[in-house]
Amino acid sequence: MSSKKSKEKKDTEETSVASFLDKELRPLSWEAYIGQEAIKNNLNILLKAAAERGTPPEHVLFYGPPGLGKTTLAHLVARETGRNLKITSGPAIERVGDLASILTNLTAGDILFIDEIHRLNKAIEEVLYPAMESGVLDIIIGKGPSARTIQLELPPFTLLAATTRVAMISSPLRSRFSGGVFRLEFYTEAEIEEILHRSAKIIGVELKGKAAKEIAKRSRFTPRTANYFLKRARDFAQVESKPLDEETVKKALAMLGIDEKGLSPSDKKLLEVMADKFSGGPVGLGTLAAALSEEEATIEEFNEPYLLQLGLIERTTRGRTLTSHGYEHLGKKIPVNLQKKLI
Ligand code: ADE
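Residues numbered from 1 in each chain as written. Predicted model: local features only at pLDDT ≥ 70, side-chain atom pairs only at ≥ 80, totals over all residues. Heavy atoms only, no water.

Caption draft 1: Local environment of the overall build of the chain. Across its full length, the chain carries 15 helices and nine strands. Taking the principal axes of the C-alpha coordinates as reference, the chain spans close to 70 × 45 × 40 Å. Taking all 343 residues of the chain together, 47% fall into the buried category. Partitioning the intrachain contacts of the chain with sequence separation of at least 6 by distance along the chain shows that 69% fall at a separation of at least 24. Of the roughly 17400 Å² of accessible surface on the chain, a fraction of 52% belongs to carbon and sulfur atoms. The distance from the centre of the 49 positive side-chain charges to the centre of the 46 negative ones in the chain is 2 Å. (Helix = DSSP H or I, 4+ residues; strand = E, 2+ residues; numbered from the N terminus. Buried < 20%, exposed > 50% of the residue type's maximum accessible area, 1.4 Å probe, protein only. Contact = heavy atoms within 4.5 Å. Areas by Shrake-Rupley, 256 points an atom, 1.4 Å probe, with all protein chains shown as cover. Lys, Arg positive; Asp, Glu negative; His and termini not counted. Charge placed at Lys NZ, Arg CZ, Asp CG, Glu CD.)

Caption draft 2: Up close: the domain arrangement of the chain. By domain assignment, the chain separates into domain 1 (25-183), domain 2 (189-255) and domain 3 (265-342). Counting residues at the interface gives ten residues for domain 1 and 13 residues for domain 2. A per-residue breakdown of the area domain 1 buries against domain 2 is headed by Leu25, Ile34 and Gly67, which together make up 71% of the total. Here domain 1 and domain 2 share zero salt bridges between them. At the boundary of domain 1 with domain 2, the tally comes to two residue pairs in polar contact (both at pLDDT 80 or more). (Domains from an automatic or database assignment. Buried area = accessible area lost by both parts, 1.4 Å probe. Salt bridge = Lys/Arg side-chain N within 4 Å of Asp/Glu carboxyl O. Polar contact = N/O pair within 3.5 Å; in protein donor to acceptor, adjacent residues only side chain to side chain.)

Caption draft 3: Layout of the packing of helix H11 (residues 265-276) against helix H13 (residues 296-309). Contact geometry of H11 with H13 gives a least axis separation of 10 Å together with a crossing angle of 75°. On the basis of their axis angle, the class for H11 and H13 is roughly perpendicular. In this structure, H11 uses Ser266, Asp267, Leu270 and Leu271 to contact H13, whose residues at the interface are Ile299, Asn303 and Leu307. In the contact of H11 with H13, the residues fall into four nonpolar, two polar and one charged. (Axes fitted to C-alpha atoms, helices over the stretch in contact; angles between N-to-C directions. Parallel < 35°, antiparallel > 145°, perpendicular 65-115°, else oblique. Nonpolar A, V, L, I, M, F, W, Y, C, P; charged D, E, K, R; others polar.)

Caption draft 4: Seen up close, the environment of Pro156. Positionally, Pro156 belongs in the loop between strand S5 (148-153) and strand S6 (158-163). Exposure remark for Pro156: the relative accessible area of 46% places this residue in the partly exposed category. For the pair formed by Pro156 and Gly135, sequence separation is 21 residues and the distance between their alpha carbons is 6.4 Å. When neighbours within four sequence positions are excluded, Pro156 is seen to be in contact with Pro56, Thr107, Ala108, Gly109 and Asp110.

Caption draft 5: Representation of the site of the ligand. Around the ligand, the neighbouring residues are Leu25, Pro27, Ala32, Tyr33, Ile34, Tyr187, Ile195, Arg198, Pro223 and Asn227. Residue Ile34 places a main-chain N or O atom 2.8 Å away from a nitrogen atom belonging to the ligand. Arg198 is positioned with one of its side-chain polar atoms (N or O) 3.2 Å from a nitrogen atom of the ligand. Burial of the ligand by the protein chains amounts to 93% of its free accessible area of 260 Å². Elements with a minimum of two residues in the shell around the ligand: helix H7 (189-203) and helix H9 (223-239). When grouped by side-chain class, the residues that make up the shell around the ligand number eight nonpolar, one polar and one charged. Looking at the shell around the ligand, you find at least three residues from each of domain 1 (25-183) and domain 2 (189-255). (Near = heavy atom within 4 Å.)

Caption draft 6: Summary view of the confidence of the model for the chain. Confidence along the chain averages 92 in pLDDT terms, with 92% of residues attaining 70 or more. Confidence over residues 1-17 falls short of pLDDT 50; this stretch has 13 contacts with residues more than four positions distant or in other chains. (pLDDT = per-residue confidence, 0-100.)

Caption draft 7: Just the pattern of salt bridges, in detail. The full count for this structure, using the stated rule, is 23 salt bridges. Between Lys40 and Glu37 there is a salt bridge; the shortest N-O distance is 3.4 Å. Taken together, the residues Lys40 and Glu37, both in helix H2 (residues 37-53) and three residues apart, mark about one turn of the helix. The salt bridge involving Glu133 is made with Arg176; its shortest N-O contact spans 3.4 Å. In this pair, Glu133 sits in helix H5 (residues 122-134) while Arg176 sits in the loop between helix H6 (171-175) and strand S7 (180-183), placing the two residues 43 residues apart along the sequence. Salt bridges linked by common partners bring Arg165, Glu300, Glu301, Glu304, Arg315 and Arg320 together as one network.

Caption draft 8: Up close: the packing of aromatic side chains. Under the criterion given, the structure shown has four aromatic pairs. Positioned above the aromatic ring of Tyr129 is the side chain of Arg176, whose terminal nitrogen or guanidinium carbon lies 4.2 Å from the ring centre. (Phe/Tyr/Trp six-rings, centres within 6.5 Å; stacked < 30°, edge-to-face > 60°. Lys NZ or Arg CZ within 6 Å of the ring centre and 35° of its normal.)

Caption draft 9: Here's a closer look at H7. End to end, H7 covers 21 Å across 15 residues, agreeing with the expected 21 Å (1.5 Å per residue, within 8%). Residues Ile192, Glu193, Ile195, Leu196, Ser199, Ala200 and Ile203 constitute the buried set of H7. Taken down its axis, H7 places every buried residue within 160° of arc, on the same side. Across from the buried face of H7, at angles greater than 90 degrees, the exposed residues are Ala190 and Lys201. Phi for Gly204, located one or two positions after H7, is positive at around 75°. (Expected span 1.5 Å × (residues − 1). Arc of directions from axis to C-beta.)

Okay, here's the thing in structure tokens:
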């Protein structure tokens, strides 16, 4: 399978798992949405002000690691404002004509959500600029010297977009999100516990003792992961006829290869390769990806944010390095140069 195909397959798998989970457990009101307080407060002002003026809210970009609730926020904005939500994604918009068709089919006041907006190509991005800024669609007809542009007026709309790779968003595109560019933060362990109790109620299971705490500790501070682990622990408890307590959680997640900090087998392999093959780095992303037979994008999107958050690795201008905590977590001897740094 070519690397592009394999990435597309991976994306599809991630998306289908995500949408299945999200549909059942997605909060349907601001009150039910736990965490991301700063973003909720800012959106609240943005939406109220627009409603008072009687205009559609301005365009907003959400970014951050996968599973933190970017799509959920888009659904909530639509609900809160009573507007239609049309959903598409960067990879689904292959041609300028695809975007033109989406935009011309909007009704006044609609909200358009473009997930993975970093996957839009340059030509399509350029059609988006005047649409976002002036509400017009510039269409070029013909080629060469006889080419001419016609301008179509679009119905007023709000673009909500999401990306896991904000560095890939060009600055002209970023600057057109006049309503704001919001970074979703990792959740606290307490927030994840609260989310787990809510989800447990929805799927009809009882979390006993410290079960929620044990799942939260391994959840990568990410609701999607926490909810996924909850369901796997529920399955384990059901098949083994055990209560859903901390023992069951520990056994179920150990079976999935998840360690006590929530690291997956692929995270562990990454740390081990950094220690054993590259003497702790610095090692460039491309080199690391080749050594792991993994896509660079997968490492950047799925592995690194959490490893950085835990302080197990660091990103420097010369590449990624394993920290003393990283060595400690692997149970390996900390190299002398890092020991000195600690003192
Ligand atoms: N399920 C997934 N994310 C959630 C959140 N932020 N609040 C409540 N339930 C959730």
